[in-house]
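Read off the chains here:
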Amino acid sequence: MQKFVESKEFKDLNVGFFLDEGQASTTNKYRVFYADRSPWNLVIKAVGKPGHGSKMFDDTAMENLMKSIEVVSRFRENQFDLVKTGVLANSEVVSANPVYLKAGTPSKNGNFVMNMQPSEAEVGYDVRLPPTVDPDLLKKRIAEEWAPKTRNMSYHIVEKGPLRDYMGRPLMTATNDSNPWWNVFKDAVEACGGELEKPEILSSTTDARYMRQLGIPTFGFSPMKNTQILLHDHNEYLEDTVFLEGIKVYESIIKSLSSFEG
């Protein structure tokens, strides 16, 4: 999708509104998503300072990295506390999930030397940012608290997709009267007996972000209610009645959206 939106074929479609995937709802109401969380790949690295005598580096690399891991862990716990207390939803906080830790001095037999501190150590995080968070402020926190140069540390961020639209605005689609597509969509769902939950930010990431980057109104929506949220888990399924009802919902919203001339 990232490449497709840059193509002439996409521009020729003259897209006015985009409907992407959503998630199942465990209640009798349908869920709708007006934004996604954006993924970052974050690597924090610590290097030992030049040593003395026969030592090329001192033993601070691992020690400094562990300090950073503790700082990130406290931030992560604070974000979870906001969810636990009901202040924010899961998708409205920044998640920083550790995915790997690399350190140690390899030995000749393929193991690690057990009496030597490594000269380098690093940790990788899968970070997810809601559009309500200022990415520049998070980068400032990373530079000053998570990987400060004062501890001989560095970091690298790979942003997996856009964070702002072409006008510099957060990647969010309005769910009020300022967006005429919202009422068309909402009325079409209600016309076939459906009801929407309060609009949400999707905790994961979809192709919708490339549409919102262009300023195209975009909702994430899948007409699946009273359904367990398995999210690609083993034996993910949909009841036949839910599937058939979903077809009727799609018929209603596609007809309404495609005939809207406002």
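These remarks concern the structure in this document. Quick caveat, the model's predicted, so the values are computed rather than measured.

**Observations regarding the side chain of K225**
In this structure, K225 sits in the loop between β8 (218–221) and α6 (240–258). Side chain to side chain, K225 and E245 meet in a polar contact 3.1 Å long. The contacts of K225, once residues within four sequence positions are left out, are S25, T27, N28, K29, Y30, V242 and E245.

**Remarks on the sheet that holds strand β7 (residues 200–202)**
Spatial strand order, β1-β8-β2-β7: 4 strands in an open sheet with mixed pairing. At either end of the open sheet lies a strand with only one pairing partner, and these are β1 (18–20) and β7. If you compare each strand with its neighbour and ignore which way they point, the axes differ by 45° on average. Bridge count between strand β2 (residues 32–36) and β8: 2 bridges; the pairing is antiparallel.

**Let's talk about the sheet that holds strand β6 (residues 153–159)**
In space, the 4 strands of this open sheet follow the order β4-β5-β3-β6, with antiparallel pairing throughout. The sheet is open, and its two borders are formed by β4 (95–103) and β6, each paired with just one other strand. Across the sheet, the mean angle separating the axes of adjacent strands is 20° when strand polarity is ignored. In this sheet, β6 lies alongside strand β3 (residues 38–47) in antiparallel orientation, the contact comprising 7 bridges. When the sheet's bridge partners are listed, A46 is paired in β6 with M153. Against the sheet, helix α2 (residues 60–84) contacts β3, β4, β5 (120–129) and β6, and its axis sits at roughly 15° relative to β5.

What counts and what doesn't
Residues numbered from 1 in each chain as written. Predicted model: local features only at pLDDT ≥ 70, side-chain atom pairs only at ≥ 80, totals over all residues. Heavy atoms only, no water. Helix = DSSP H or I, 4+ residues; strand = E, 2+ residues; numbered from the N terminus. Polar contact = N/O pair within 3.5 Å; in protein donor to acceptor, adjacent residues only side chain to side chain. Contact = heavy atoms within 4.5 Å. Pairing = 2+ DSSP bridges. Axes fitted to C-alpha atoms, helices over the stretch in contact; angles between N-to-C directions.

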